[in-house]
Amino acid sequence: MDPGSGSVTHRVLCRGTDEQRVEALNRVAGAVAERGDAARLSLRGRTSVGNLSPYTQRLLDERFERVPDDEVRNGSGDPEFRVDLPDGADALVDALTVEESESPDNWGAAGENHWRVYEVGELFIVRNGECLYRSVPHHSQQYLNADVDPDAPARANEALAGRPSVVVPEDPLVEWDEYAISCYEFRAPEQSPGLDDLRRVYVDDARADLVFDWTTPSERVEASESRVARALGKATLGLFSLVDDPDAMPERISVDDRETFDAAVEALAEANERGEHEFDIVRS
């Protein structure tokens with residue numbers, strides 16, 4: 001989280017279609033709102049969403065309090081709205097829910113979800129004066145602080161049961177030299193790719209090497225279930241004439257210490273399970 005927003009202990013891996021990503025944001029927010037004292041919702045680059053979702057704007061006007069400009073959290077000058085929790089939890093979830101009948105159908109790849117993803121700036125949920133939850137919808141980012149409420153990650157995961165998104169711990173499972181394995185990424189000096197982009201990892205026990213097989217940028221664009229991500233990805237690849245650079249990704253990593261090597265292999269297996277990734281682990 002940003003400075004002043006509290007620490008991060010968990011994050012939500014948002015996956016699936018644009019509709020599923022929005023649903024994940026809403027379900028986690030709803031689960032966490034029951035544990036908060038107040039929520040703040042900011043718009044992004046506009047003063048109203050009345051022309052995009054009149055239903056949402058009515059809720060903001062009737063159930064929320066407009067935060068004075070000199071008290072907004074992000075300092076951007078974008079309008080921010082506040083609601084007390086847990087009494088206002090239903091109003092918060094309703095404000096975040098797309099009303100298809102009132103939403104325009106001419107907003108590109110995301111359809112009626114466009115305003116919900118791109119016009120909501122940030123959502124903060126606070127408990128005992130500390131930030132419990134932060135969401136940045138246009139980046140599909142959600143963060144939790146279990147130091148504020150230890151039950152929040154479990155409640156969020158319960159709300160996501162049966163859906164492609166999942167809550168995982170932020171801290172690495174293992175670290176050595178310049179490398180680390182968490183439930184969502186492999187951290188390396190040049191790049192730190194997400195484990196959703198990992199196709200398989202070969203475990204060379206004799207040499208104590210880890211050999212990674214990553215999907216390429218173009219493959220990730222084509223495989224994405226998000227229409228917006230596919231559209232932006234294709235535009236970016238075409239505009240900048242990007243080519244896949246396999247040398248930039250961590251490929252063969254030698255681990256000098258056998259104990260560390262074994263711990264890294266165990267961490268990959270744990271990350272695969274807890275993060276609900278689908279990469280293969282092949283031992284040789």
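Residues numbered from 1 in each chain as written. Predicted model: local features only at pLDDT ≥ 70, side-chain atom pairs only at ≥ 80, totals over all residues. Heavy atoms only, no water.

A. Main features of the overall build of the chain. Broken down by element type, the chain carries 8 helices and 15 strands. Taking the contacts inside the chain whose residues are at least 6 apart along the sequence as the reference set, 65% of them involve residues at least 24 apart. Accessible surface computed for the chain: about 13900 Å², of which carbon and sulfur atoms make up 43%. (Helix = DSSP H or I, 4+ residues; strand = E, 2+ residues; numbered from the N terminus. Contact = heavy atoms within 4.5 Å. Areas by Shrake-Rupley, 256 points an atom, 1.4 Å probe, with all protein chains shown as cover.)

B. Fine view of the sheet that holds strand β10 (residues 179–181). Here we have 3 strands laid out as an open sheet, ordered β9-β10-β11, and antiparallel in their pairing. With one partner strand each, in any of the chains shown, β9 (174–176) and β11 (186–187) form the two edges of the open sheet. Seen against the sheet, helix α8 (residues 258–274) touches β9 and β10 and runs at an angle of roughly 140 degrees to β9. (Pairing = 2+ DSSP bridges. Axes fitted to C-alpha atoms, helices over the stretch in contact; angles between N-to-C directions.)

C. Structural view of the pattern of salt bridges. Here the structure, examined in full by the defined rule, presents 17 salt bridges. Here E170 ties to R11 by a salt bridge, and the two come within 2.9 Å at their closest N and O atoms. Here the residue E170 occupies a position in the loop between β8 (166–169) and β9, and R11 occupies one in strand β1 (residues 10–13), the gap between them amounting to 159 residues. Put simply, R134 and E122 hold a salt bridge, and the shortest N to O gap is 2.3 Å. Here the residue R134 occupies a position in strand β6 (residues 130–136), and E122 occupies one in strand β5 (residues 120–127), the gap between them amounting to 12 residues. When sorted by exposure, R134 lands in the same class as E122, which is buried. Connected through shared salt-bridge partners, R35, R127, D149 and D151 make up one network. (Salt bridge = Lys/Arg side-chain N within 4 Å of Asp/Glu carboxyl O. Buried < 20%, exposed > 50% of the residue type's maximum accessible area, 1.4 Å probe, protein only.)

D. Molecular detail of the packing of aromatic side chains. Using the criterion set out here, one finds 5 aromatic pairs in the structure. One aromatic cluster is present, built from ring pairs that chain together W176, Y179, F186, F212 and W214. Lying over the aromatic face of Y184, R11 brings its terminal NZ or CZ to 3.9 Å of the ring centre. (Phe/Tyr/Trp six-rings, centres within 6.5 Å; stacked < 30°, edge-to-face > 60°. Lys NZ or Arg CZ within 6 Å of the ring centre and 35° of its normal.)

E. Up close: the pairing of β5. Taking burial as the measure, the 8 residues of β5 include 7 buried ones, the bulk of the element. The pairing of β5 with β6 spans 5 bridges and is classified as antiparallel. Note on β6: the bridge partner recorded for I125 is Y133. With antiparallel pairing between neighbouring strands as the criterion, β5 and β6 make up a hairpin whose turn holds 2 residues, including N128 at a positive phi of roughly 50 degrees.

F. Examining the nonpolar core more closely. In terms of nonpolar packing, the biggest core is built from 36 residues, with F64, L92, L123, I125 and Y133 touching the most fellow members. Among the secondary structure elements, those contributing two or more residues to this core are α1 (18–33), β2 (38–43), α2 (54–63), β4 (80–84), α3 (89–96), β5, β6 and α5 (152–159). Sorting elements by how many residues they give to this core places α1 first, with 6 residues. Contact partners of L123, with chain neighbours within four places excluded, come to A29, A39, R40, L41, L92, L96, Y133, R134 and S135. (Core = buried A, V, L, I, M, F, W, Y, C linked by side-chain atoms within 4.5 Å.)

G. Highlighting unusual backbone geometry. The omega torsion of the bond from L85 to P86 falls at 5 degrees, within 30 degrees of zero and hence cis. For P86, the position within the fold is in the loop between β4 and α3. Look at A208: it is not a glycine, yet its phi comes out positive at around 55 degrees. The topology assignment puts A208 in the loop between β12 (198–204) and β13 (209–214).

H. Highlighting the confidence of the model for the chain. Averaged over every residue, the pLDDT of the chain is 84; the share at 70 or more is 81%. Between residues 101–111, whose pLDDT stays under 50, and residues either more than four places distant or in other chains, the model counts 22 contacts. For residues 233–244, every residue scores under 50 in pLDDT, and the model assigns this stretch 12 contacts once sequence neighbours within four places are set aside. (pLDDT = per-residue confidence, 0-100.)

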